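Report on the structure
What follows is the residue order along each chain.
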Amino acid sequence: MSELNEILKAWRHELHRHPETAFEETRTAAFVAERLREMGIEVHTGIGGTGVIGRLKVGDGHKVVALRADMDAIALTETGTVSYKSEYEGKMHGCGHDGHVTTVLGAAKLLSESRDFNGTAQFLFQPAEEPGKGAHAMIDDGLFERFPMDEIYGQHNNPAYPAGTVNICKGGFASCEDNFKIEIHGRGGHASAPEKTVDPMVIAAQIILALQTIPSRNAGAFQPVVVSCTELFTDGAHNAIPSNVTILGDCRSYSKEMQALIETRMRDLVEHICQAYGATWDFLYTHEFAPTVNWDEQVDAVIQAGSHVLGEEKVNGNCSPFMASEDFGAFLEKVPGAFFFMGGAVGDESRDMPLHNSCFDYNDDTLETGAQVFAQLVRERLAR
């Protein structure tokens, strides 16, 4: 194993021991800033709360290419047995953001040592990806005005793909996440006399089933849409029909047009089903994550850089999009860029845990690979 990978492993293990959740990444940010300064890179801190920006300008080129890593951990107690297990109860790097930070730091180290490009490499370390707030916080803090960039790239580890592979596609790559809250107000009563009530449970059942017609009857066959009702609350008892029922849920899609269609159809269904049964209602629909929509030219750039580092056989340029969300999409609404999966699977079920599993651990063997791909991407986009 190379000297660089040993350094990156040590950095990653240090971050893994000290996970910090959204907007609390002070120790992580200080660690990142210190490593960047050691490389001779210009550092700016406190962007969008705990965000860090590193800037490395070489030559007289004006173009700026940014590499992004998310820093936050998740609120989960680690149950694995690694020697560098989380020291913070109820917090762990169960999504691999420790590896993402280390990978971008690795790219920064490679580029600061080689300086074989012409322009500015910008290293963006973002807080609070998990709740979908960090990218917006940095944008609201003047990210693009204070640190202009022409392109931005990001990656996420994925234990479902073989280790050492790059997986990407054009267009929709990660879905939006929209949340909804439906409150149905009926008239409760004794369970033995339903005819004297306006039963919100029956109405809720009708609505839950009707919502599934949105993906099956309103979205086109090649337009991925998911509508999931995930929680149901009432103010009733086992022998009392409630007066109020609340339905909570989550919607996923890949375009603003589909988001608007889902919201409109959902509102119409709730309104007319409640009217039909004589109930009243309240409806709230919120946009938590923007869809992550890759730009074509930048996808081609990732494919080319990945092929040069790994070989063409290790790059999948037409992978399946995924229905989870990633707030990198907020950046792609502002500047061209692309987001890809770095495979992490080693083929051992005892090690290849899914993301957000309490035993998940980042595959250290992919740290240098990811750093090399990122560094090559910058070199090719900022060619002399």
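Residues numbered from 1 in each chain as written. Predicted model: local features only at pLDDT ≥ 70, side-chain atom pairs only at ≥ 80, totals over all residues. Heavy atoms only, no water.

**Some words on helix 3 (residues 97-114)**
Over its 18 residues, helix 3 runs 26 Å from end to end, which matches the ideal 26 Å to within 8%, given 1.5 Å per residue. Summarising burial for helix 3: 16 of the 18 residues are buried, a large majority. A positive backbone phi angle near 45° is found at R115, which sits one or two residues after helix 3. (Helix = DSSP H or I, 4+ residues; strand = E, 2+ residues; numbered from the N terminus. Expected span 1.5 Å × (residues − 1). Buried < 20%, exposed > 50% of the residue type's maximum accessible area, 1.4 Å probe, protein only.)

**Looking at the sheet that holds strand 17 (residues 337-345)**
If you trace the eight strands from one edge of the open sheet to the other, you get 1-2-4-3-5-17-6-15, paired in mixed fashion. Looking at strand neighbours, the two that pair on one side only are strand 1 (42-47) and strand 15 (315-316), the edges of this open sheet. Summarising the sheet, strand 5 (residues 151-162) and strand 17 pair through eight bridges and their orientation is parallel. Residue N157 lies in a different strand from strand 17, and its bridge partner there is M342. (Pairing = 2+ DSSP bridges.)

**Observations regarding the domain arrangement of the protein chain**
Segmenting the protein chain into domains produces domain 1 (3-171 + 291-382) and domain 2 (176-289). For domain 1 and domain 2, the distance between their C-alpha centres works out to 37 Å. Interface area for domain 1 against domain 2, summed over the two sides, is near 1000 Å², with a carbon-plus-sulfur share of 57%. Contact with domain 2 buries surface across domain 1, with P291, M323 and S325 losing the most and accounting together for 61% of the total. (Domains from an automatic or database assignment. Buried area = accessible area lost by both parts, 1.4 Å probe.)

**Points about the packing of helix 3 against helix 11 (residues 367-381)**
It is at 8 Å that the axes of helix 3 and helix 11 come closest, and there the two elements cross at 50°. Comparing the axis directions of helix 3 and helix 11 gives the class oblique. As helix 3 runs across helix 11, the sense of the crossing is right-handed. Of the residues in helix 11, those in contact with G99, T102, T103, V104, G106, A107, L110, L111 and S114 of helix 3 are L367, G370, A371, Q372, F374, A375, V378 and R379. Per-class residue counts for the contact of helix 3 with helix 11 are nine nonpolar, seven polar and one charged. (Axes fitted to C-alpha atoms, helices over the stretch in contact; angles between N-to-C directions. Parallel < 35°, antiparallel > 145°, perpendicular 65-115°, else oblique. Left-handed = near helix turned anticlockwise from the far one by under 90°. Contact = heavy atoms within 4.5 Å. Nonpolar A, V, L, I, M, F, W, Y, C, P; charged D, E, K, R; others polar.)

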